[in-house]
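The lines below spell out each chain.
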There are 2 protein chains.
Amino acid sequence: MTIRYPKGVHPKASGEVKKRTAKKYSPKISTANRGMAFEKAINESNQYYIDHDRAVITKRPTPINIVKVDYSKGAKITQAYFETQSTTDYNGVYKGRYLDFEAKSTVSRTSFPLSNIPKQQIDHLERVLAHGGIAFFLIQCVSLNETYLLPASYVVSFWKERPRESIPFDELKKNGYLVKEGYSPRYDYLPLVDEVFLK
Amino acid sequence: MTIRYPKGVHPKASGEVKKRTAKKYSPKISTANRGMAFEKAINESNQYYIDHDRAVITKRPTPINIVKVDYSKGAKITQAYFETQSTTDYNGVYKGRYLDFEAKSTVSRTSFPLSNIPKQQIDHLERVLAHGGIAFFLIQCVSLNETYLLPASYVVSFWKERPRESIPFDELKKNGYLVKEGYSPRYDYLPLVDEVFLK
């Protein structure tokens, strides 16, 4: 059967053709939006924990370098730039202990690329571990539709040996812990913190 | 003796006269700049603690509500507004424990006004205490040239009884602990954390 395209709007010509083979794995939303959605779900989970008196874990605001502020009407920032977080995105208190983690999302089908993690985050996590804090990554593997808690100690030693490489998913599964997903909290990671760090 | 002012430049007339009685207590810098100087000194003290492997305590960035970003040249924020911190400014890990504090500066000659502290900060500190975290205020009393560590538990209960009032300096001294000041670290508050919270 030949598909008869309406005159003048052949999809290939207009750039509208869909690549069917890639469809299965291509996210419907952009990388930035996907990261935002994951972040939002983590924030909601943390709010759930606060509301239910389980822990106080909050997101650090994104650091902004403010260049110009217009004080003529209130204080309106008119020129500013995003800065890189020199720590991780999340920290707080759970059962008296200090807890620190970074949430990352990857669309890779095979591994978690360490290029996602700046050196200063590795340094920060190493210091947190040295001072007895609980530290980990929450890694959303979009292609697997799974999210793992991976202890920072593992990531730090992997990074030190192979800083430019990726953690293969089979390694991630072997050293990480599958996070239970639900409606509320969306990502229930505290039971894993008990199991992995507080037993 | 009569002071003979040069003709036409009588200091009172030209507005240059110095109020000697007020001089002792009037800060040379504005309220905002004074707060900034105190914050900077605390940041330096925290950096000293990081550099000397004593603790990992960092300042949370000021939350900014970003309205417009111009992506035509990099990512330039062209419209944004300051938001109120719903937590405190500082947190981190010390000897495995979670530590959380707010730094405040006051020019008052008699007391620390609680109007400086938004309700959400009190709520946050109460939750931190409930989960076993270490929580306090560092209060710079400019008129006394002294800085005190005041446990959050005291501030929370004072706030609950008298939310619109001020903590008189004699109460502050009775319930707080004088922070040792030096060159580096500028404010050496960790020995007080040991004494007050970890004994």
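Definitions and cut-offs
- Residues numbered from 1 in each chain as written.
- Chains lettered and ligands numbered in written order.
- Predicted model: local features only at pLDDT ≥ 70, side-chain atom pairs only at ≥ 80, totals over all residues.
- Heavy atoms only, no water.
- Helix = DSSP H or I, 4+ residues; strand = E, 2+ residues; numbered from the N terminus.
- Buried < 20%, exposed > 50% of the residue type's maximum accessible area, 1.4 Å probe, protein only.
- Contact = heavy atoms within 4.5 Å.
- Areas by Shrake-Rupley, 256 points an atom, 1.4 Å probe, with all protein chains shown as cover.
- Salt bridge = Lys/Arg side-chain N within 4 Å of Asp/Glu carboxyl O.
- Polar contact = N/O pair within 3.5 Å; in protein donor to acceptor, adjacent residues only side chain to side chain.
- Nonpolar A, V, L, I, M, F, W, Y, C, P; charged D, E, K, R; others polar.
- Pairing = 2+ DSSP bridges.
- pLDDT = per-residue confidence, 0-100.

1. Concerning the overall build of chain A
No. 1: The number of helices and strands found in chain A is seven helices and twelve strands.
No. 2: Taken across its 199 residues, chain A has 41% of its residues classed as buried.
No. 3: Considering only intrachain contacts with a sequence separation of at least 6, the fraction spanning at least 24 residues in chain A is 65%.
No. 4: When the accessible area of chain A is evaluated, it comes to approximately 11,300 Å², of which 50% is carbon and sulfur surface.

2. Describing the interface of chain A and chain B
No. 1: The partner chain B presents 36 residues to the 36 residues of chain A that form the contact.
No. 2: Our enumeration of links across chain A and chain B arrives at zero salt bridges.
No. 3: Where chain A touches chain B, the interface holds seven residue pairs in polar contact (both at pLDDT 80 or more).
No. 4: Among the elements of the structure, β1 (56-59), β2 (64-70), β3 (76-82), β4 (90-94), β5 (97-106) and α4 (119-130) of chain A are those that each provide at least two residues to the side of chain A that touches chain B.
No. 5: Element by element, the count of residues in the side of chain A that touches chain B is highest for β3(A), at seven residues.
No. 6: Grouping the constituent residues of the side of chain A that touches chain B by class yields 16 nonpolar, 13 polar and seven charged.
No. 7: Relative to strand β3 (residues 76-82) of chain B, β3(A) runs antiparallel, the two sharing four bridges.

3. Let's talk about the environment of B:Y90
Residues and elements named next belong to chain B.
No. 1: Within the secondary structure layout, Y90 lies in strand β4 (residues 90-94).
No. 2: C-alpha separation for the pair Y90 and K160, spaced 70 residues apart in sequence, amounts to 23 Å.
No. 3: Side-chain polar atoms of Y90 contact the backbone oxygen of E39, separated by 3.5 Å.
No. 4: A distance of 2.8 Å separates a polar atom in the side chain of Y90 from a polar atom in the side chain of N43.

4. Brief notes about the confidence of the model for chain A
No. 1: Residues of chain A with pLDDT of at least 70 account for 85%, and the chain-wide mean is 87.
No. 2: Predicted as a complex, the structure gets a pTM of 0.82 and an ipTM equal to 0.81.

5. Overview of unusual backbone geometry
Residues and elements named next belong to chain A.
No. 1: In the segment running from S184 into P185, the intervening peptide bond is cis, with an omega of 0°.
No. 2: Even without being glycine, D53 reaches a positive phi, approximately 55°.
No. 3: Look at D53 and you get exposed, because its relative accessible area is 54%.
No. 4: Even without a glycine there, the phi angle at N145 is positive, about 60°.
No. 5: Mapping N145 onto the fold places it in the loop between β7 (134-141) and β8 (146-151).

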